[in-house]
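An overview of the molecular structure
In case you want the letters, here they are:
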Amino acid sequence: MDDRGTRNGRKAAGHEERRARRHDPQRRERILDAALDVLVADGVAGLTHRKVASRADAPLGSVTYHFASLADLRAQAFAWYVEQRSAEYEALFTEVATREDLVDVLADMVEGGPSRHRSAVLGFELHLAALRDPALRALTQQWTRASRAVLARFTGPETAARLDALLEGMIMHALLSADREPREETRAAIAQTLGPAIGSET
């Protein structure tokens, strides 16, 4: 093959590569997931376009194309988290049929695992950032309404609000404490907040 053929071949290959990169319908979601990973690892202060591009395996220019400012990237990443978390949260309760089932699900939520640890860290990062950002505060309110609505199906709205506050405090304690709270103590605190009026099976 002569030089011209080689150049044409490289040009065609480069064109195909660029076209393949452009045809990437999941890239925006991948960038948002990468941004959430950075928020878990480094917090809001550590979020940069470059870190997100690296984790998403995407060109830096693609990240800045979709999200021109860090504030926009942060806001959309947290909105993506709330959307996903709301669906995941509701799914946790699909098999709840009794009061004991409910207590067990909530205790599991407090004790958590790797995926729930990640979600809890993101939730607290969102709340911390929302202290200074009214747009993010609207997201925290959206999440609170959604989670309390799920709980209220089993407890009523007033108990759901108290239970939601208890869970947030217990989850934060579990994240920060070096010693795991005994499961029976966690279950007892949840049962006490549910109150004696919720003594029958749902």
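All of the points below concern the structure found in this document. Residue positions are counted from 1 within each chain, in the order its sequence is given. Totals for whole chains, interfaces and linings use every residue, but because this is a predicted model, local features are given only for residues with pLDDT of at least 70 and side-chain atom pairs only at 80 or more, for both listing and counting. Side-chain descriptors were evaluated using all non-hydrogen atoms of the structure, hydrogens and water having been removed beforehand.

1. Details of the overall build of the protein
- Under the DSSP-based scheme used, a helix requires at least four consecutive residues in state H or I and a strand at least two consecutive residues in state E, with every element numbered from the N terminus. Along its length, the protein carries ten helices and zero strands.
- Starting at the N terminus, the α and β elements of the protein follow one another as α-α-α-α-α-α-α-α-α-α.
- When a residue's accessible area, from a 1.4 Å probe over protein chains only, is under 20% of the maximum for its type it is buried; when over 50% it is exposed; and in between it is partly exposed. In the protein, which comprises 202 residues, the share counted as buried stands at 37%.
- Counted over contacts in the protein with a minimum sequence separation of 6, partners at least 24 positions apart contribute 66%.
- When the accessible surface of the protein is summed, it comes to about 11,900 Å², and 53% of that surface belongs to carbon and sulfur atoms. We call two residues in contact when some of their heavy atoms are within 4.5 Å. Accessible surface area values rest on a Shrake-Rupley calculation with a 1.4 Å probe, where residue burial reflects the displayed protein chains alone.

2. Some points on helix α3 (residues 49–56)
- Buried within α3 are the following residues: His49, Val52, Ala53 and Ala56. The buried side chains of α3 occupy one side of the element, clustering within an arc of 100° when seen end-on. Structural note: α3 exposes Arg50 and Ser54 on the side pointing more than 90 degrees away from its buried face.
- Asp57 sits one or two residues past α3 and shows a positive phi near 55°. As used here, the arc is the angular range of directions from the helix axis to the C-beta atoms.

3. So, the layout of surface pockets
- In this analysis the probe radius is 1.4 Å and the grid spacing 1 Å, with only protein atoms considered; a cavity is a set of points the probe fits into but cannot get out of, a pocket is an open set with protein on both sides within 12 Å along at least five of seven lines, and lining residues have an atom within 4 Å of a point. Grid points are joined across faces, edges and corners, and a volume is the space filled by probe spheres set on the points. Considering only enclosed or pocket space, the largest pocket measures out at about 560 Å³ in volume.
- Around the largest pocket sit 30 residues that line it, and Met109, Val110, Ala120, Leu167 and Ile171 are the ones nearest its centre.
- Elements that contribute at least two residues to the lining of the largest pocket include exactly α5 (70–91), α6 (99–111), α7 (114–130), α8 (134–155) and α9 (157–176).
- Of the voids in this model, the second largest pocket is the one considered here, and its volume is about 160 Å³.
- Lining the second largest pocket, in full, are Asp33, Leu36, Tyr81, Gln84, Arg85, Glu88, Ser115, Arg116, Arg118, Ser119 and Leu122.
- Looking at the lining of the second largest pocket, the elements that each hand over two or more residues are α2 (27–42), α5 and α7.

4. What to know about α7
- What a helix should span is 1.5 Å times the count of its residues minus one. Over its 17 residues, α7 extends 24 Å from the first C-alpha to the last, a length consistent with the 24 Å expected when each residue adds 1.5 Å.
- For α7, the set of buried residues is Ser119, Ala120, Val121, Leu122, Gly123, Glu125, Leu126, Ala129 and Ala130.
- Each element contacted by the buried residues of α7 is listed here: α2, α5, α8 and α9.

5. Quick word on the packing of aromatic side chains
- Under the pairing criterion, centres of Phe, Tyr and Trp rings, with the six-membered ring standing for Trp, must be within 6.5 Å; the plane angle then separates stacked pairs below 30 degrees from edge-to-face pairs above 60, leaving the rest tilted. For the coordinates displayed, the defined rule picks out three aromatic pairs.
- Measuring from ring centre to ring centre gives 5.2 Å for Tyr89 and Trp143, while their planes differ by 85°; the resulting arrangement is edge-to-face. One end of the pair, Tyr89, is in helix α5; the other, Trp143, is in helix α8, and 54 residues separate them in sequence. Exposure class is identical for Tyr89 and Trp143. Each is buried.
- Grouping aromatic residues by their ring pairs yields a cluster made of Tyr89, Phe93, Trp143 and Phe154.

6. Notes on the nonpolar core
- Buried residues of nine kinds, namely Ala, Val, Leu, Ile, Met, Phe, Trp, Tyr and Cys, make up a nonpolar core once their side-chain atoms join them within 4.5 Å. One finds Val52, Tyr89, Phe93, Leu106, Leu151, Leu167 and Ile190 to be the most contacted residues of the largest nonpolar core, which totals 48 residues.
- Where this core is concerned, the elements lending two or more residues are α2, α3, α5, α6, α7, α8, α9 and α10 (183–194).

7. Digging into the packing of α2 against α3
- Every axis in this analysis is a line fitted to C-alpha atoms, fitted for helices over the stretch in contact. Angles between the N-to-C directions lie between 0 and 180 degrees. Contact geometry of α2 with α3 gives a least axis separation of 8 Å together with a crossing angle of 115°. Two packed elements cross with a definite hand, and for α2 against α3 that hand is right-handed. Contacts from Arg30, Ile31, Ala34, Ala35, Asp37, Val38, Ala41 and Asp42 of α2 reach α3 at Lys51, Val52, Arg55 and Ala56. Here a crossing is taken to be left-handed if its near helix is turned anticlockwise relative to the far helix by less than a right angle, and right-handed if that turn runs clockwise.

8. Considering the packing of α5 against α8
- α8 packs onto α5 with a crossing angle of 0° between their chain directions and a minimal axis gap of 10 Å. Judged by the angle between their axes, α5 and α8 are roughly parallel. Mapping the contact onto sequence places Arg74, Ala75, Phe78, Ala79, Val82, Arg85, Ser86, Tyr89 and Glu90 in α5 and Leu136, Leu139, Gln142, Trp143, Ala146, Ser147, Val150, Leu151 and Arg153 in α8.
- Throughout this entry, Asp, Glu, Lys and Arg are counted as charged residues, while Ala, Val, Leu, Ile, Met, Phe, Trp, Tyr, Cys and Pro are counted as nonpolar. The remaining residues, Gly among them, count as polar. Residue composition of the contact of α5 with α8, grouped by class: eleven nonpolar, three polar and four charged. Note that the term roughly parallel is reserved for angles under 35 degrees, roughly antiparallel for angles over 145, roughly perpendicular for angles of 65 to 115, and oblique for everything else.

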